Amino acid sequence: MSALPHAAPAPQPTPGPKVRSGRIDLFLRFPRLRWLAERRWFQFAVVLPNLGLFLLFLSAGLFGTPVGNRNIIIVFVWILWWFLLISALVPFTSRIWCTVCPFPFFGEWAQRRALVQVRAVDPKKKKGGPGVVIGRNRYFGKNLKWPKALSNIWLQNIGFLALCTFSALFLTRPIVSVIVLGSLFVIATVLHLVYRQRTFCSYVCPVSGFLSLFSMASMTEVRPRDLDVCQTCTDKGCLAGSDKGWGCPWLIYPSKLERNNYCGLCMECVKACPHGNMTVNLRPFLSDGWLKGYDESYKAFIMLSLALAYSVIYLGPWAFLKDWANIAEKHDWAGFFTYAGALWALALVVLPGTYYLVVRLGRSLAGAPAGTTAPPTKDVFLGFAHPLVPLGLLAWVAFSFPLMLVNGSYILQVLSDPFGWGWDLFHTAHVAWTPVVPWWTPYIQVALLLTGLFFALRSGARHARRLFPGGARALRAFAPVALLLGGIVAGFFTLYVG
Amino acid sequence: MSAAPLQPPAGEDPERHGYAALVSLGCLLVFGGVGFAAGGASQPPRTRSIHVVAHQYGYEPQVIHVNRGDTVRLTFSSSDVTHGFYLEGYDLDVTIHPLLPTVDLRHPSQPGKVEQVKEVTFTASREGKFRFRCSHTCGFLHPFMLGELIVGPNRLLPASMGMLLGLVLGGLLGLAIQGRRSKA
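Residues numbered from 1 in each chain as written. Chains lettered and ligands numbered in written order. Predicted model: local features only at pLDDT ≥ 70, side-chain atom pairs only at ≥ 80, totals over all residues.

## A closer look at the overall build of chain A
Piece 1. Scanning chain A from N- to C-terminus turns up 23 helices and five strands.
Piece 2. Taken over the C-alpha trace, chain A has a radius of gyration of 24 Å; the compact-globule value for 498 residues is 23 Å, and the two agree within 12%.
Piece 3. Its C-alpha atoms give chain A principal-axis dimensions of about 75 × 65 × 40 Å.
Piece 4. When each of the 498 residues of chain A is scored for burial, the buried share is 52%. (Helix = DSSP H or I, 4+ residues; strand = E, 2+ residues; numbered from the N terminus. Rg over C-alpha atoms; globule rule 2.2 N^0.38 Å. Buried ≥ 20, exposed ≤ 12 C-beta atoms within 10 Å, placed from the backbone.)

Here's what the structure looks like:
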């Protein structure tokens, strides 16, 4: 049960400046931040209060009022948390939510049998003792490897789409939110006991899937400060662990990090690196410039489709569509299956299919110079799918903004009366429902969508130049995709301001 | 897969990204301005009487079209439970009771003051799209019960479409210019 004490002094950061272009090394700029990230208690200290809050939310969902807008689980999770997550945390701080996320708390505790300490193993005495030794750390539980066929985000794609099909239930009914959030706790715990480290977060958690996609746009990253240090490092503490930190729980190789997608910002690599070479950078928006596979591109299609569908259902005036989605109350099964079928078809067939055809058209228009061949369609498809990352993110922000402006006053109400039991803890329980500048909403939404389109076009243009060298070819290849992106935004404009 | 990490093509000048952004911004402003200017002329004002039926979770009519300057006279009924009618941008909040011939009218800017009226009248003085929402908790989907008041000429839509078109054309123009410069 004992963990190795922190015997050696903390390594000093490698001398700079070898910061990548456009990056600001936050650990060099703010040494206290580095000090904080290196504390073993750091993640525990930020997860614990969050865990307490979620247990409060679950209690309110179980024992509080069934009226959604009077219950803290609905108001804090689906209005406040969602808005902060999509509008602030993801665009600015990458997957910082994963740093504070309470869902893996119990599973990781069982897996490590430690809340704060590291279970380091002397490399010469790996055999014997309880549990399983991976790298230089000892773990408990089965620690099986996740099947290779599922080592992608397809499960998260389908899981998230399935969950979102029932959004009208969990967005409005506290008990359904309890079932959803409680299930995440249970599944996370079970998977931590069976599979190694953060398998749940990497491959199963439905929230993690879209965080991975949109964190590419984020203005924060964890990266090695100096790649030369990593290349000559024989210790590989970031991967194998050490007496100061666990080997990367997300099963990635931090010193080769090039994208934010699968980094959960747990800061274990910062602690474990013997050279103090891992750091947190501030960087330009949308610095991660490419998608790696169809699973990632489908996440982009699903997110954009959901933003569009939710804008129609929840921000539109069409009551019959709300009735179709609201199956538990209206019991219109034909309507529900029509809605669900249309949503799945849009996300999995119509949008990707249209995109594929348009990409093929662009590739054909671009042609290939004599003696050469055009780049593979898959490369072109994935390159031109990357613009959907900024567009999808900003579309979600545009969708979420009015929900916050209009329903924000519920936050004050449930703060004083979290269970809807008639309490008035902070004298705000009877604050009148007051939308905040709702008439600004269309202007804000237009500005957000145009920003998303700007970054989408910039991303597409970069991929066009990369895939089709020569200005005219790049232009011909990208023009159909640019028009499609414009058409998608025009659809949002029609919904929001038309 | 396979797509190589994205690197700028050899010889590409990063400053041209700024140039392309300026081209896009210029096109956005020009086309947006054209869209706004071409967004339609005001119609002579008239009086419109509209009966609004509220139900879980919507309104009939779900979209109300009027023109700027019109006098709008609204009467209400509810086909099921008590509902609200909070009109964004017009300082109106109405509570509609299912069995009463009158509604409770509040002006959010004057808290505490409630009038019982049979009809709510206002002048559509601001153009654009304004949503009306239920302001009285009426069921599970209450926060999403809404309708739309569109006061013409709704110039934000053509202006937005113009900006969108400008951005797309500007982006493509920037790409073409960058290609020519690379060749040069």
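Structure shown, so let's carry the discussion forward.
## Describing the overall build of chain B
Piece 1. Within chain B, the regular secondary structure consists of two helices and eleven strands.
Piece 2. Tracing chain B from N to C terminus, the helices and strands come up as α-β-β-β-β-β-β-β-β-β-β-β-α.
Piece 3. Burial analysis of chain B (184 residues in total) assigns 42% to the buried set.

## Examining the nonpolar core
All names here are of chain A.
Piece 1. Among the nonpolar cores identified, the biggest contains 180 residues, and Leu449 and Leu453 are the most heavily contacted of them.
Piece 2. When residues are assigned to domains, this core turns out to be shared by domain 1 (24–282) and domain 2 (294–497), each giving three or more.
Piece 3. Those residues in contact with Leu449 that sit more than four places away from it in its chain are Leu394, Ala395, Ala398, Val489, Phe492 and Phe493.
Piece 4. Grouped together as the second largest cluster of nonpolar side chains are five residues, Val118, Val121, Val133 and Trp246 included. (Core = buried A, V, L, I, M, F, W, Y, C linked by C-beta atoms within 7 Å. Domains from an automatic or database assignment. Contact = placed C-beta atoms within 7 Å.)

## Remarks on the interface of chain A and chain B
Piece 1. On the chain B side, the residues contacting the 57 residues of chain A number 49 residues.
Piece 2. At the level of elements, helix H16 (319–325), helix H19 (377–385), helix H20 (388–407), helix H22 (441–467) and helix H23 (471–497) of chain A are the ones that each hand at least two residues to the side of chain A that touches chain B.

## Some words on the domain arrangement of chain A
All names here are of chain A.
Piece 1. Structurally, chain A comprises domain 1 (24–282) and domain 2 (294–497).
Piece 2. The gap between the C-alpha centroids of domain 1 and domain 2 is 26 Å.
Piece 3. Every contact between the two is made by 35 residues of domain 1 and, on the other side, 31 residues of domain 2.
Piece 4. Within the residue set of the side of domain 1 that touches domain 2, elements represented by two or more residues are helix H3 (42–63), helix H4 (72–93), helix H7 (154–165), helix H8 (167–170) and helix H11 (206–214).
Piece 5. Among the elements that make up the side of domain 1 that touches domain 2, the one with the highest residue count is H4 (ten residues).
Piece 6. The class makeup of the residues in the side of domain 1 that touches domain 2 is 25 nonpolar, nine polar and one charged. (Nonpolar A, V, L, I, M, F, W, Y, C, P; charged D, E, K, R; others polar.)

## Points about the sheet that holds strand E3 (residues 63–67) of chain B
Sheets are built from strands that pair by backbone hydrogen bonding, the pairs being arranged parallel or antiparallel.
Residue and element names in this part refer to chain B.
Piece 1. Pairing in this open sheet of seven strands is mixed, and the strands run E3-E11-E10-E5-E6-E7-E8 from one edge to the other. Each having just a single partner strand, E3 and strand E8 (114–117) make up the two edges of the open sheet. Within this sheet the neighbouring strands show an average axis-to-axis angle of 25°, counted without direction.
Piece 2. Here strand E6 (residues 92–96) pairs with strand E7 (residues 103–106) via four bridges, running antiparallel. Residue pairing in the sheet places Val94 in a bridge with Leu105 of E7. (Pairing = 2+ DSSP bridges. Axes fitted to C-alpha atoms, helices over the stretch in contact; angles between N-to-C directions.)

## Considering helix H15 (residues 294–315) of chain A
Piece 1. For H15 of chain A, built from 22 residues, the straight-helix expectation of 32 Å at 1.5 Å per residue is met to within 8% by its first-to-last C-alpha distance of 30 Å.
Piece 2. Most of H15 of chain A sits out of view: 19 of its 22 residues are buried. (Expected span 1.5 Å × (residues − 1).)

## Focus on the confidence of the model for chain B
Piece 1. In the predicted model, chain B carries a mean pLDDT of 89, and 90% of its residues have values of at least 70.
Piece 2. Scored as a complex, the prediction yields pTM 0.93 and ipTM 0.91. (pLDDT = per-residue confidence, 0-100.)

## A few points about the sheet that holds strand E1 (residues 24–25) of chain A
Residue and element names in this part refer to chain A.
Piece 1. A sheet is described by the order of its strands in space; here three strands give the open sequence E1-E5-E4, paired in antiparallel fashion. Every interior strand has two partners, whereas the edge strands, E1 and strand E4 (220–224), have only one.
Piece 2. When E1 meets strand E5 (residues 278–282), the two strands line up antiparallel, connected through two bridges. Considered in E5, the bridge of Ile24 is made with Leu282.

## Here we look at the packing of H3 of chain A against helix H9 (residues 174–194) of chain A
All names here are of chain A.
Piece 1. Contact pair H3 / H9: the axes reach a minimum separation of 8 Å and the direction vectors enclose 140°. Regarding the angle of H3 to H9, the classification is oblique. As for the relative orientation of H3 and H9, their crossing is left-handed in sense. Side by side, H3 and H9 meet where Phe54, Leu58, Ala60, Gly61 and Leu62 of the first sit next to Pro174, Ile175, Ser177, Val178, Leu181 and Gly182 of the second. (Parallel < 35°, antiparallel > 145°, perpendicular 65-115°, else oblique. Left-handed = near helix turned anticlockwise from the far one by under 90°.)

## Some details on the pairing of E4 of chain A
All names here are of chain A.
Piece 1. With respect to burial, E4 is a largely interior element, five of its five residues being buried.
Piece 2. Across five bridges, E4 lies against E5 in antiparallel orientation. Of the residues in E5, the one forming a bridge with Glu221 is Asn281.

## Focus: the pairing of E6 of chain B
The side chains of a regular strand alternate between both faces of the sheet.
Residue and element names in this part refer to chain B.
Piece 1. Of all five residues that make up E6, four are buried, and the element is covered over most of its length.
Piece 2. The antiparallel pairing of strand E5 (residues 83–87) with E6 creates a hairpin that spans four residues between the two strands, and Gly89 there sits at a positive phi of about 80°.
Piece 3. Once E6 ends, the chain turns through six residues before running back antiparallel as E7.

## Observations concerning H20 of chain A
Piece 1. For H20 of chain A, spanning 20 residues, the distance from its first C-alpha to its last is 28 Å, which sits close to the expected 28 Å at 1.5 Å a residue.
Piece 2. Burial of H20 of chain A is extensive: 17 of the 20 residues sit out of reach of the surface.

## Remarks on the confidence of the model for chain A
Detailed conclusions should not be drawn from predicted coordinates in areas where pLDDT is low.
Piece 1. With 96% of its residues at a pLDDT of at least 70, chain A reaches an overall mean of 93.
Piece 2. Below a pLDDT of 50 lies the segment residues 1–10 of chain A, which in the model reaches eleven contacts outside its immediate sequence neighbourhood of four places, other chains included.

## Some remarks on the environment of Ala366 of chain A
All names here are of chain A.
Piece 1. Inspection of the secondary structure puts Ala366 in helix H18 (residues 333–366).
Piece 2. The sequence separation of Ala366 and Ala472 amounts to 106 residues, and the corresponding C-alpha distance is 7.8 Å.
Piece 3. Those residues in contact with Ala366, other than ones at most four positions away along the chain, are Ala374, Phe468, Arg473, Arg476 and Ala477.

## Digging into the environment of Pro352 of chain A
Residue and element names in this part refer to chain A.
Piece 1. With respect to the helices and strands, the residue Pro352 is situated in helix H18.
Piece 2. Each C-alpha atom of the pair Pro352 and Val186 lies 33 Å from the other, and the pair is 166 residues apart in sequence.
Piece 3. Apart from residues no more than four positions distant in its own chain, Pro352 is found in contact with Tyr298 and Phe301.

## Brief notes about the packing of H7 of chain A against H11 of chain A
Residue and element names in this part refer to chain A.
Piece 1. One can describe the packing of H7 onto H11 by two numbers: an axis separation of 8 Å at closest approach and a directional angle of 115°. One way to sum up the angle between H7 and H11 is to call them roughly perpendicular. H11 is crossed by H7, and the crossing has left-handed handedness. Taking contact as the criterion, the partners of Gln156, Asn157, Gly159, Phe160 and Leu163 in H7 are, on H11, Pro206, Ser208, Gly209 and Phe210.
Piece 2. Among the residues forming the contact of H7 with H11, the class breakdown is four nonpolar, five polar and no charged.

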